[in-house]
Amino acid sequence: MDMDKKIIVGIAAAAVAVAIAVGVIAISTQPQPLASGDTEKVKVIASFFPLYDFASNVGGDKADVSVIVPAGIEPHDWEPTPRNIADAGNADLIIYNGAGFEGWVAQLNAKNAVDTSRGIELMEGEHEEEGEAKEEGHEESALDPHIWLDPVLAKKQVESIRNGLIQVDSANADYYRQNAQQYIAELDSLDAFIRSELSNCEKTDFIAFHNAFSYFAKRYGLTQHSVHEGLSPEGEVLPQRISEIKQLATSLGINIIYSEDLVDPRLANVIASEIPNGQVLVLSPIEGLDREEQEKGFGYIEKMRQNVENLKVGLKCQS
Ligand SMILES: [Zn+2]
């Protein structure tokens, strides 16, 4: 951006110099030099959905925000295409989750990048089972990347995004500060909503599909179990694990098995069919929206509210 501005200002100055040299006095009739800072948006690329939503809220109409992992695609184990890598090289700012979630981010040759996990105290991921040890995507890191599912940590991610935008586009610093403040206020309301909705529940244990809700569970005093013990919903679940989950559900009196929006629900259905009053609901890790949801304008906050509604059923909450 700054480089472009200098070049455009340079061209404008040259045009004025030429105009003077040829004796054109009526400068006001000359076309206005391109005011690049006013009309050109900052080009921002976010790695996957929650970061895209946060960046869009903070960037508003001063930023042209796009997302790398396409709608409807589960981002664990996803890899960028050469086209993604070329696009990223042209962006003013790359925004990513960090904590090992996007193992491919170093391939992007970003001019500027924001690691939104910076400054957040990360949890260790649980040790992976033998059969899952060869999963890709989490090889470099045993850290748990699912920070965005805790709205309090999401506020920190939003602050990092705000700071990144201010760094590459300081002319609009006040605008970004204002938008970030507004969105942070929405996250505060979400946090208050979750606390109040989950304040009167019979249970604190729930069975997620993959191990994505550790930060969320810690924040709200819940205990997460998961069908996939690993940090990713990919890979095989061994029959032994399936019977463990059935036993666990039965012993804790849990009748809801949570599935996810971007995975095949069959496994959750099988488990639910074999426990008393078993039922499957979605508890979304918000790792991506499907196209329909994206077209409806669904965002992180709407998805979190849906999660809370479904969680209330499993935890048997009064409201
Ligand atoms: Zn995940």
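This structure is a prediction, so every number in the text was calculated from the model and none was measured.

**Some words on empty space enclosed by the protein**
Then step 1. Inspection of the entire model under this criterion finds 1 cavity of 30 Å³ or more.
Then step 2. Put simply, the largest cavity is a space of about 60 Å³.
Then step 3. In terms of lining, the largest cavity is formed by 13 residues, of which the most central are Phe 49, Val 69, Pro 70, Ala 71 and Gly 288.
Then step 4. Split into classes, the residues belonging to the lining of the largest cavity amount to 9 nonpolar, 3 polar and 1 charged.

**What to know about the state of the cysteines**
Then step 1. For the coordinates displayed, the defined rule picks out 1 disulfide.
Then step 2. Here Cys 201 is linked by a disulfide to Cys 317, with a sulfur-sulfur distance of 2.2 Å. Negative torsions about the S-S bond denote left-handed disulfides, and the value of about 100° found for Cys 201 with Cys 317 makes this one right-handed. With a gap of 116 residues between them, Cys 201 in the loop between α6 (173-197) and β5 (205-210) and Cys 317 in the segment after α11 (300-314) connect regions that are remote in the sequence.
Then step 3. In this structure Cys 201 comes out as partly exposed when scored by relative accessible area, which is 23%.
Then step 4. Cys 317 gets classed as buried once you look at its relative accessible area, which sits at 15%.

**Some thoughts on helix α9 (residues 266-273)**
Then step 1. Of the residues making up α9, those classed as buried are Ala 268, Ile 271 and Ala 272. Projected down its long axis, α9 shows its buried positions confined to an angular sector of 100°, all on one face. Of the exposed residues in α9, the ones pointing more than 90 degrees away from its buried face are Arg 266 and Ser 273.
Then step 2. Here the buried face of α9 lies against β5, β6 (223-228), α8 (239-252), β7 (256-259) and β8 (279-282).

**A look at the coordination of the zinc ion**
Octahedral metal centres with six donors ideally show angles of 90 or 180 degrees, and tetrahedral centres with four donors ideally show 109.5 degrees.
Then step 1. Protein coordination at the zinc ion: the donors are His 76 (NE2), His 146 (NE2), His 210 (NE2) and Glu 287 (OE), at 1.9 to 2.1 Å from the metal.
Then step 2. Considering all 4 donor atoms around the zinc ion, the spread of angles at the metal, 103 to 120°, places the coordination shape in the tetrahedral class.
Then step 3. Taken in sequence order, the residues that donate to the zinc ion follow the motif H-x69-H-x63-H-x76-E. With His 76 in the loop between β2 (63-67) and α4 (82-90) and His 146 in the loop between β4 (113-115) and α5 (151-168), this residue pair connects regions lying 70 residues apart in the sequence. Both residues of the pair, His 76 and His 146, count as buried.

**Quick word on the packing of aromatic side chains**
Then step 1. All chains considered together, the criterion is met by 11 aromatic pairs.
Then step 2. Ring centres of Phe 54 and Tyr 183 lie 5.9 Å apart, and the angle between their planes is 55°; on these two criteria the pair is classed as tilted. In this pair, Phe 54 is assigned in helix α3 (residues 49-59) and Tyr 183 in helix α6, connecting sequence segments 129 residues apart.
Then step 3. Between Phe 206 and Phe 213 the ring centres are 6.3 Å apart and the planes differ by 75°, which places this aromatic pair in the edge-to-face class.
Then step 4. For Phe 206, a relative accessible area of 2% corresponds to the buried category.
Then step 5. Grouping aromatic residues by their ring pairs yields a cluster made of Phe 206, Phe 213, Phe 216 and Tyr 220.
Then step 6. The side chain of Lys 62 reaches across the aromatic face of Tyr 175, ending 5.4 Å from its centre.
Then step 7. A cation over a ring is seen here: Arg 305 above Phe 193, with NZ or CZ 4.2 Å from the ring centre.

Conventions we followed
- All residue numbers refer to position in the chain's written sequence, counted from 1.
- Under the rules for a predicted model, residues below a pLDDT of 70 receive no local features and side-chain atom pairs below 80 are neither given nor counted, while totals for whole chains, interfaces and linings still include all residues.
- As a rule here, side-chain values come from all non-hydrogen atoms in the structure, and water together with hydrogens is ignored.
- Grid spacing is 1 Å over the protein atoms alone, the probe is 1.4 Å, and a cavity is where that probe fits but cannot get out, while a pocket is an open set with protein on both sides within 12 Å along at least five of seven lines and lining residues have an atom within 4 Å of a point.
- Grid points are joined across faces, edges and corners, and a volume is the space filled by probe spheres set on the points.
- Residues are grouped as follows: Ala, Val, Leu, Ile, Met, Phe, Trp, Tyr, Cys and Pro are nonpolar; Asp, Glu, Lys and Arg are charged; all remaining types, including Gly, are polar.
- Cysteine sulfur atoms are paired as a disulfide whenever they fall within 2.5 Å.
- A run of H or I in DSSP becomes a helix once it reaches four residues, and a run of E becomes a strand once it reaches two; helices and strands are each numbered from the N terminus.
- Partly exposed residues are those whose accessible area sits between 20% and 50% of the maximum for their type, while under 20% is buried and over 50% is exposed, using a 1.4 Å probe and protein chains only.
- Comment: arc refers to directions from the helix axis out to C-beta atoms.
- The contact definition used throughout considers only heavy atoms, calling two residues in contact when any of these lie within 4.5 Å.
- Metal donors were taken as nitrogen, oxygen and sulfur atoms no farther than 2.8 Å from the ion, or 3.2 Å where the ion is Na, K or Ca. Water is excluded, so coordination may look unfinished.
- The geometry test gives tetrahedral to four donors whose angles all lie between 85 and 135 degrees, gives square planar to four donors and octahedral to six donors whose opposite members are over 155 degrees apart with all other angles between 65 and 115, and gives irregular to the rest.
- Only rings of Phe, Tyr and Trp enter the pairing, Trp through its six-membered ring, and a pair is recorded when the two centres are within 6.5 Å. The plane angle decides the type: under 30 degrees is stacked, over 60 is edge-to-face, the rest tilted.
- Here, a charge over a ring means that NZ of Lys or CZ of Arg falls within 6 Å of the ring centre while also lying within 35 degrees of the ring normal.

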